[in-house]
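Listed here are the chains, written in short residue letters.
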Amino acid sequence: MRYLLAFLLLLTLNNSFAQDTSLKTKVSGTILNSVNLLPLSNVNVININKVKGSTSNSKGIFEIEASVNDTIHITCIGYQSLRVRVTNDWVKNETTKILLTEKAIALEEVLVRKYMLTGYLEVDSKLIPYKENYSYSISGLSKSYEVGEQSPKAFSRVMNSIFNPADMLYNFFGNKPKELRKLKEMRKDDTVRNALETKFDRETLAALLGIDKDEIPEILQHCNYSQTFIETANDLQIMDAISGCYEEYKVLRKK
């Protein structure tokens with residue numbers, strides 16, 4: 001009888017521990033340099049599943065909302081990005097150590113060409129190459145559409161892209177409703193927005209949307225953003241552009 005009571009007590013404790021573990025909503029960790037094991041501060045940590053963000057402090061420590069099997073995307077300038085899955089052990093232990101590896105960056109040869117400047121502003125301003133992006137405003141829509149350099153077919157290309165229901169927007173947006181719902185969540189989390197504002201590599205944004213980063217320029221082209229915008233915008237601007245494009249696309253589809 002005593003053994004039976006002890007077994008039941010042990011079973012009850014295990015069940016209680018399992019329930020407590022499942023109720024945990026946050027995990028923490030310490031991010032270290034893989035070479036010297038020194039803590040890394042200001043590392044961006046984003047939960048892709050819950051679209052929540054965090055940043056490591058001066059001791060390399062971060063805390064973030066997470067559940068078992070969530071994917072944590074970790075990025076830092078000068079280091080290889082890393083994806084870590086939240087395991088049962090991590091949730092039980094509440095913390096873990098994560099090592100980041102420095103990137104080996106090889107600088108390519110840069111050829112600097114001189115402008116044949118004269119010293120006169122009126123003359124020199126005409127010698128320096130200048131790109132001008134054109135945009136069209138369409139009645140009933142809240143924003144204008146960029147078309148890059150001016151061309152006779154630019155306006156018709158904008159109209160066809162917007163009002164053709166079989167265009168590439170359907171393939172990207174229509175088949176990814178779950179990922180694109182994350183766009184609204186991204187805009188709510190200040191940590192995520194701040195992280196995207198400092199990035200230009202499209203890597204974190206692609207991970208959050210569940211697409212390949214090479215698809216992002218194609219999406220923006222079909223949303224009629226200029227090549228200059230696609231090449232120079234930060235990830236936050238890209239996110240807002242895709243979000244705005246998707247919202248207008250949904251409105252037009254309903255009409």
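Predicted, not measured: the structure shown is a model, and the values here were computed from it. (Residues numbered from 1 in each chain as written. Predicted model: local features only at pLDDT ≥ 70, side-chain atom pairs only at ≥ 80, totals over all residues. Heavy atoms only, no water.)

Topic: the overall build of the chain
Alright, step 1. Looking only at helices and strands, the chain features 11 helices and 9 strands.
Alright, step 2. Looking at the chain as a whole, 35% of its 255 residues qualify as buried.
Alright, step 3. Contacts spanning at least 24 positions in sequence make up 55% of the contacts within the chain whose residues lie at least 6 apart.
Alright, step 4. A total accessible area of about 16,600 Å² is found for the chain, and carbon and sulfur atoms account for 53% of it. (Helix = DSSP H or I, 4+ residues; strand = E, 2+ residues; numbered from the N terminus. Buried < 20%, exposed > 50% of the residue type's maximum accessible area, 1.4 Å probe, protein only. Contact = heavy atoms within 4.5 Å. Areas by Shrake-Rupley, 256 points an atom, 1.4 Å probe, with all protein chains shown as cover.)

Let's talk about the sheet that holds strand 4 (residues 61-65)
Alright, step 1. Here 3 strands make up an open sheet; going across it, the order is 4-1-7 and the pairing mixed. Because the sheet does not close on itself, it has two edges, and the strands there are strand 4 and strand 7 (97-100). With strand direction ignored, the average angle separating the axes of adjacent strands in the sheet is 35 degrees.
Alright, step 2. Pairing of strand 1 (residues 26-33) with strand 4 involves 5 bridges; the strand directions are antiparallel. Counterpart to Ser 28 in the pairing with strand 4 is Glu 63. (Pairing = 2+ DSSP bridges. Axes fitted to C-alpha atoms, helices over the stretch in contact; angles between N-to-C directions.)

Here's the deal with helix 7 (residues 190-197)
Alright, step 1. Those residues of helix 7 that sit buried are Val 192, Ala 195 and Leu 196. All buried residues of helix 7 fall inside an arc of 95 degrees around its axis, so they share one side.
Alright, step 2. Between the side-chain oxygen of the N-cap and the backbone nitrogen of Thr 191 there are 2.9 Å, and the N-cap of helix 7 in question is Asp 189. (Arc of directions from axis to C-beta. Polar contact = N/O pair within 3.5 Å; in protein donor to acceptor, adjacent residues only side chain to side chain.)

Some details on the nonpolar core
Alright, step 1. Grouped together as the largest cluster of nonpolar side chains are 28 residues, with contacts concentrated most on Met 186, Leu 205, Ile 216, Leu 220, Ile 238 and Ile 242.
Alright, step 2. When residues of this core are traced back to their parent elements, those giving at least two are helix 6 (177-188), helix 7, helix 8 (203-209), helix 9 (215-222), helix 10 (227-232) and helix 11 (235-254).
Alright, step 3. In terms of residue count, helix 11 provides more of this core than any other element does, 6 residues in total.
Alright, step 4. One finds Leu 40, Ile 74, Ile 98 and Leu 100 within the second-largest nonpolar core, a separate group that totals 17 residues. (Core = buried A, V, L, I, M, F, W, Y, C linked by side-chain atoms within 4.5 Å.)

Quick notes on the environment of Val 84
Alright, step 1. Here Val 84 shows up in strand 6 (residues 82-85).
Alright, step 2. Measuring from C-alpha to C-alpha, the distance between Val 84 and Ile 98 comes to 8.8 Å, with 14 residues separating the pair along the chain.
Alright, step 3. Setting aside its immediate chain neighbours within four residues, Val 84 contacts Asp 70, Thr 71, Ile 72, Ile 74 and Trp 90.

Focus on the pattern of salt bridges
Alright, step 1. Tallied over the full model, the rule gives 4 salt bridges.
Alright, step 2. Across the salt bridge formed by Glu 63 and Lys 26, the nearest N and O atoms sit 3.9 Å from each other. Here the residue Glu 63 occupies a position in strand 4, and Lys 26 occupies one in strand 1, the gap between them amounting to 37 residues.
Alright, step 3. Judged by its relative accessible area of 48%, Lys 26 falls in the partly exposed class.
Alright, step 4. A salt bridge links Arg 193 to Asp 240, with the shortest nitrogen-to-oxygen separation between them at 3.7 Å. Of the two residues, Arg 193 is situated in helix 7 and Asp 240 in helix 11; the sequence distance between them amounts to 47 residues.
Alright, step 5. Given a relative accessible area of 27%, Asp 240 falls into the partly exposed group. (Salt bridge = Lys/Arg side-chain N within 4 Å of Asp/Glu carboxyl O.)

Quick look at the pairing of strand 5 (residues 71-75)
Alright, step 1. With respect to burial, strand 5 is a largely interior element, 4 of its 5 residues being buried.
Alright, step 2. Alignment of strand 2 (residues 44-47) against strand 5, held across 4 bridges, turns out to be antiparallel. Counted as the bridge partner of Asn 47 is Ile 72 from strand 5.
Alright, step 3. Sheet analysis places strand 5 next to strand 6, joined by 4 bridges and oriented antiparallel. Paired with His 73 across the bridge in strand 6 is Arg 83.
Alright, step 4. Where strand 5 folds back on strand 6, the antiparallel hairpin that results is connected by 6 residues, among which Gly 78 adopts a positive phi of roughly 90 degrees.

Structural notes on the layout of surface pockets
Alright, step 1. The calculated volume of the largest pocket comes to roughly 190 Å³.
Alright, step 2. Along its surface, the largest pocket is lined by 13 residues, and Cys 76, Ile 77, Lys 103, Lys 199 and Asp 201 are the ones closest to its centre.
Alright, step 3. Split into classes, the residues belonging to the lining of the largest pocket amount to 4 nonpolar, 5 polar and 4 charged. (1 Å grid on protein atoms, 1.4 Å probe; cavity = no way out; pocket = protein on both sides within 12 Å on 5 of 7 lines; lining within 4 Å. Points joined across faces, edges and corners; volume = space filled by probe spheres on them. Nonpolar A, V, L, I, M, F, W, Y, C, P; charged D, E, K, R; others polar.)

Read these as geometric descriptors, not functional statements.
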